[in-house]
Amino acid sequence: MKRLFWHTDKLFGQGEVNFSWQKSKANYLVTCGSNGHINVFNRHGEPNYDFATKIQGGCTGLAWDADGDVLAISCDQSNRVILWDTTQNKSQDIDVGIREPITAVQWSNSGLLAIASAKGNLQVYSYKKAQRLPAPVAKHTRRVTSLVWSKSDKLALASEDKSISVSDSNGDHICQLSVRAEPSQLQFSDQKMDERPALEGEENTISGVIGGKTLLLLNLHDVENPIELAFQSKYGNINQYQWYGDGYVMLGFSAGFFIVISTHLKEIGQELFQTRACKNSLASLDVNLNINKAAIGGDNMIKVHDLSDLKETESIVTIDEERGGASASSNRSAAPTEVHKVAWTADGQLMAVSTKAGSMHVYLAKLPSLGEAFGTRVAILSSLLEVTISNHVLQEPDISIALELEPSFMALGPFHLAVGMNNRVWFYELLDKAGQVKVSEREYMGSVSEVKLNEAFAAVRFGHSVQLHRVGQESLEEDENSSKLFPENATLEGHVTAIALTPDFFVYTTNTGMVTYFYLEDWTAVTSHRHSTGLTALYPDVTGVRSVVVDENGEGHIYCPIDDSMLRIEELPGRVAGVLWETYEPDKHIFVAYDDKNLYTFVYAKDSIHDSTCTRAGVTQLFHGHKPVMLHNGEVTCQSPNGKHVTITLSTHAGKSGGGARVVSGTGDHEDQVGVEAAALLKLHKYSEGLELLANCQPIRTELVRQFAEHALTHLDLQSATSFYSLVHDVGMIMNIRDLQNVEDKRLLCGHIASFVGEFDKAQDHFLASTNPKAALDMRRDLLQWDTALTLAQNLSPGDLPFISREFANQLEFQGDYLNALHHFEQGLNINASLLHGQESEHSAACAAGVARTAIRLGDIRRGIGIAQTHPSRVLKKECAAILEQMKQYIESAALYEKAGFHERAALVYIKCKNWNKVAELLPHIASPRIHLQFAKAREAEGKYREAAAAFATAKDWDNVIRLQVDHLQNPEEAVRIVRETGSIEGAKLVAKFFVRLNDMESAIQFLVMSKCNDEAFQLACDHHHMKTYANILGDDSPLEDFKSVAVFFENEKDSFMAGKFFYKCRQYQRAVKHLLRCPVPETADGDPNSNPIEIAIKAVGEAEDEVLTAQLIDYLMGEYDNEPKDAKYLFKLYMALQQFREAARTAIIIAREEQNAGNYRIAHDVLFGMFADLKNNKIKIPQEMVTNLMLLHSYLLVKVHVKRGDHVKAANLLVRVANNISKFNSHVVQILTSTVVECHRAGMRGSAFDYASMLMRQEYRALIDPKYKTKIENIVRKQDKQEVDPGTSPCPFCNFELSDYALTCPECKNNLPYCVATGRHMVRDNWTACPAASCQFPALFTELQTYLEQQDQQCPMCGATVAPHDLTRFDEARVRHALALDADTQD
């Protein structure tokens, strides 16, 4: 709180200073000190020397009339009253007809002055009539201490005679009350009543302080029951009290306390608030409801409290007497002193404080609410004689402008500031830097109400007119394009009520409802709109393309001069104090309306499928006493009571995000936060910020995104809608929007968008008003709303009527409204064919089909069937047949089905009506088993078993076929055949029963097993000694209990083989081995394994995984029981069953060697290959001896193939390889060497032929040579021709070293090389393949193996599997490397 001025006791004298503010205007402060001088000061502390007087004695009254125009002054040593008229600035001393000194004066609202004297006399004086009224009868005998008027001119007096009287303005007595002590401080007010509410403006209660201790409440409607309130003694005496609000009373006490009570009867006696505001004494208090504050004065300070929260002290002012300063009357200091009196001006702007030491202080508590804005620049009255201009948005330096007088209005433009009062206006030019230049000073023809500025012009409203002129213009006379007076025709337009200036337009409203736009450049009015009622306020946006106007009814509207439209604003507050448009460009569609308490945010949408809309988005509380000046980006800049800027963020913008991208989690509180922020942004149509918010959500909030997209779409923001739909990848909507981007007709565009969002009625309205009204018909057809489409088509497209009638009829038929459907189908047929555009045939056929269906449903069966039979459509016949079937018209239905070619359906319907002859005719065309079954049952019932059996067979009901063959047709052979082919369980039972009747037990057992009747089969086998038959029939999937029963049976029969075999099948391995080892040893191990007891025992031991059983079987095989070792193949098979592959491998080598020594090379080869594959599959290293033996045996077996093919080179090289290991082929040494000599000689390998021929000439071989070759061999030896044909070379697959094709060991890298199974040559990388058989996978040269397969019946030379040449694939480098690595890993 800022002190404006003060004066010390030099001016007033030592002692208390009495003072009074001018009512209403508060332009004057009148004081009277102990020296008796009456001083008058203006609001700035400057004395008024035109009125100066001195009174005798102490001042007893400083009273202003209701308008603040006349001041009455009285003193305790004079019987005269001084009156000062401020409007005429003259004073007069009047005789009021009282002889004794005057003790109190007071004005009534009607301008009557009441004067009371020291002896209790009363006189009433009329200032307007300048005469005394008749003297009323005296009611008091002693000094009147208090005098007060009510609003209704009732007069109350308090006197030292301990009485209170009440009379009217004529002096007529109303009531009088005697009290126990001296009354004082009388006040009229409204007490809260329970019984009846007080009338508006009625003051029904008189209050007063009784003896300084209690507060009296006297209700004028119940004067017999006054209320007297006493307070705690610690409070001291009541120094001052004041009514405020709705019947509340604030009281200040001498001990420094102040309390608040309510006068409501239910609350009387309760203290609503109590505190000790002052340490020593509380001298004075004053409540001002305009600013909602209370000032408490005591000791040497003033405390200011807000009435809404008395607990908080808003400010504290300490009263210190200072040296010098603003006072011209004192240059000395005084000690701190106590407060005597405190009082606000009526508007609460100033507060005056007097002290008991004789000083006077005036503080600026609240500046006048003068604030204006232009764009983001704000001008505020920062002091009574100073304006501060700031731009916090652009962060420009403040500009302070000192004023000559305190202004009552202000205006701000881009380059000028205008301030003024009464009829004078001062214009200041705003410089770029801080400072100002006064451009001009103007007087106008009346008191100025408001001023508006733009770059060059000023509009000044005074009275009912407006002067528009250039800023700085010397003369106000009308001149072309420089000055003009509005309105031009007051009779027609009325009085101007509000004005505004935009960069291009001057806008004004009148009391007749006119809003006029005057174009400054052309200096002419361009548009004018007349509203139904008078307009009182005008608030355009920056450009003027939209303006908020308020009419006399308090209703707000948005006027758009472009299309001369007026949109009513819903939910506008009842008393609009002002409107601010958003200055932030992206949010220019937002504005704020405000009253004394709240800010109301509105969103205006000019373009929307609902035409223009204006919705209230939210309400924000406005700080008390603050005036909104400017709105930018959701923040309202307000002028505070102390002349400062205060920013209030609108509730609708309170949650707006800061800059920068952020990722928001989609769970928990974050999800709620995003939803709240998104809802706020959606209300404000802030699509770009909404897009940024939702794009950073993880996961994407699809529902919110679609809400934004649809909202943007309905407001014709296609770009934003596309962005939102892109966020959820809605390609369909994006394509739809892109199709609309070139639509220029706004109505057509709105129609399409309304249809997108499901507002089809609105879409139809837009389409019909557009350049393409047929789009409404197309939309209704797409929606299948045929009734509406028919109505539209009558005018828009008569050519579409037949098609719409047909579609409407289809819909009605589907809904079951067949009567109306028939009507519309007939309408489709009756329409002029010229409207069908060449589609007569298809359309007429569809309508005729509809007529047929609906006619049948409505009972006109003959008509419907007639149309269906002549109609070409099979589908129609089927549909009509189905309808007839539902109506149980089976004969007609079946006939239509048959005519349409739906034989199965026709047969089913014929069956329903028992027409078997027609069914029989249709059977050749029917494949449905169900129909054949029904027909078969019917034929069986008639005794026609052969036809029934044939029908059952066609339906594949084999059980019934077998039953008929056995029971009725006596054809068991056919029944047996069917059972064997189909595996029918029930049929097998029937056949079994048949064979039992024939006493053919073996056949009966067989079919009982087939029918899963194992128990009956077992019993039958036991009873008739056919257990072996039963045992042989049992499948491997039979239950274990069945196997056990058979095993026990044979155990009892001493049949060890069968007992052991079936104990093995039921998994009782120990008993199985025991019985199997008792069986005789088979002569060979190569027979059927299922009939070889040792083979079965080996399987049992392998599955049992029992070491005792394993040892028992090994001992048996080694001959420990009977000193007869068994065939080694059994031991090999045992090791394989036990998965002991290393032992199996060693055994396999032994077996192969024995077979090889016996000359059984193929058997030895197969044994080694099988073992090789098993070891490889189990990823066990393969012994090198096995690899070498397999290679030699395979090489030898390939010789015959190549000799047969005539490829002697390959045969010779392979024989050389075998001959070099001839010791492994003891059974055929001479034969192999002879073949080697012959093939080498044929191949041109004379040196090799000579070497092996020489070997044959040895003594031990010579006699065994075949005579057929002996002479030739001898000749080879004699000639000694050692020429050798080179077999060729190829690179090593490991190191690429060149070596002989048939060399299988690389001398360079020392690796054993894989060989080709087709040629025996070592493998090369670029010609690699392998046998595709899973059990083989041996490598081969791709081209060689292809040739081999083509010539050798497509059998692999290694495994014998069938392989087609086209199944081979040439390996790439990666597969070759893998094959080489695998080969190296598998060999030991």
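Let us look at the structure shown here.

Viewed as axis vectors pointing N to C, helix α11 (residues 786-796) and helix α12 (residues 801-815) meet at an angle of 165°, and their least axial separation amounts to 9 Å. In terms of orientation, α11 and α12 fall into the roughly antiparallel class. Considering only the axes of α11 and α12, their crossing is left-handed. Residue-level contacts link W786, D787, A789, L790, A793 and Q794 of α11 to L801, I804, S805, E807, F808 and Q811 of α12. Residue composition of the contact of α11 with α12, grouped by class: seven nonpolar, three polar and two charged.

One finds L1113, M1171, M1186, F1225, L1233, F1338 and M1358 to be the most contacted residues of the largest nonpolar core, which totals 117 residues. Tallying contributions element by element places helix α36 (residues 1184-1205) first for this core, with 11 residues. Once residues lying within four places of it in the same chain are set aside, the contact partners of M1171 are F1132, M1136, F1141, A1144, A1145, A1148 and M1186.

This part covers the environment of D172. Along the chain, D172 turns up in the loop between β16 (163-167) and β17 (173-178). Spatially, the C-alpha atom of D172 lies 9.9 Å from that of L155, the residues being 17 residues apart in sequence. Those residues in contact with D172 that lie beyond four places of it in its chain are V166 and S167.

In this fold, I1222 is placed in the loop between α37 (1208-1219) and α38 (1229-1242). With a relative accessible area of 14%, I1222 lands in the buried category. Put simply, I1222 and I1232 are 10 residues apart on the chain and 7.9 Å apart in space, counted from C-alpha to C-alpha. Ignoring sequence-local partners within four residues, the contact set of I1222 consists of V1229, I1232 and L1233.

This brings us to the pattern of salt bridges. Under the criterion given, the structure shown has 41 salt bridges. Notably, a salt bridge pairs E338 with K356, separated by 3.4 Å at the nearest N-O pair. Of this pair, E338 sits in the loop between β29 (309-318) and β30 (339-344) while K356 sits in the loop between β31 (350-355) and β32 (360-364), and the two are 18 residues apart along the sequence. Across the pair D761 and R780 runs a salt bridge whose closest N-O atoms are separated by 2.9 Å. In this pair, D761 is assigned in helix α9 (residues 760-768) and R780 in helix α10 (residues 774-782), connecting sequence segments 19 residues apart. Taking relative accessible area as the criterion, D761 reaches 55% and is therefore assigned exposed. The class of R780 is buried, set by a relative accessible area of 4%. Residues joined in a network through salt bridges with shared partners are D1207, K1210, D1301, R1321 and E1344.

Thresholds applied
- Residues numbered from 1 in each chain as written.
- Predicted model: local features only at pLDDT ≥ 70, side-chain atom pairs only at ≥ 80, totals over all residues.
- Heavy atoms only, no water.
- Axes fitted to C-alpha atoms, helices over the stretch in contact; angles between N-to-C directions.
- Helix = DSSP H or I, 4+ residues; strand = E, 2+ residues; numbered from the N terminus.
- Parallel < 35°, antiparallel > 145°, perpendicular 65-115°, else oblique.
- Left-handed = near helix turned anticlockwise from the far one by under 90°.
- Contact = heavy atoms within 4.5 Å.
- Nonpolar A, V, L, I, M, F, W, Y, C, P; charged D, E, K, R; others polar.
- Core = buried A, V, L, I, M, F, W, Y, C linked by side-chain atoms within 4.5 Å.
- Buried < 20%, exposed > 50% of the residue type's maximum accessible area, 1.4 Å probe, protein only.
- Salt bridge = Lys/Arg side-chain N within 4 Å of Asp/Glu carboxyl O.

Read these as geometric descriptors, not functional statements.
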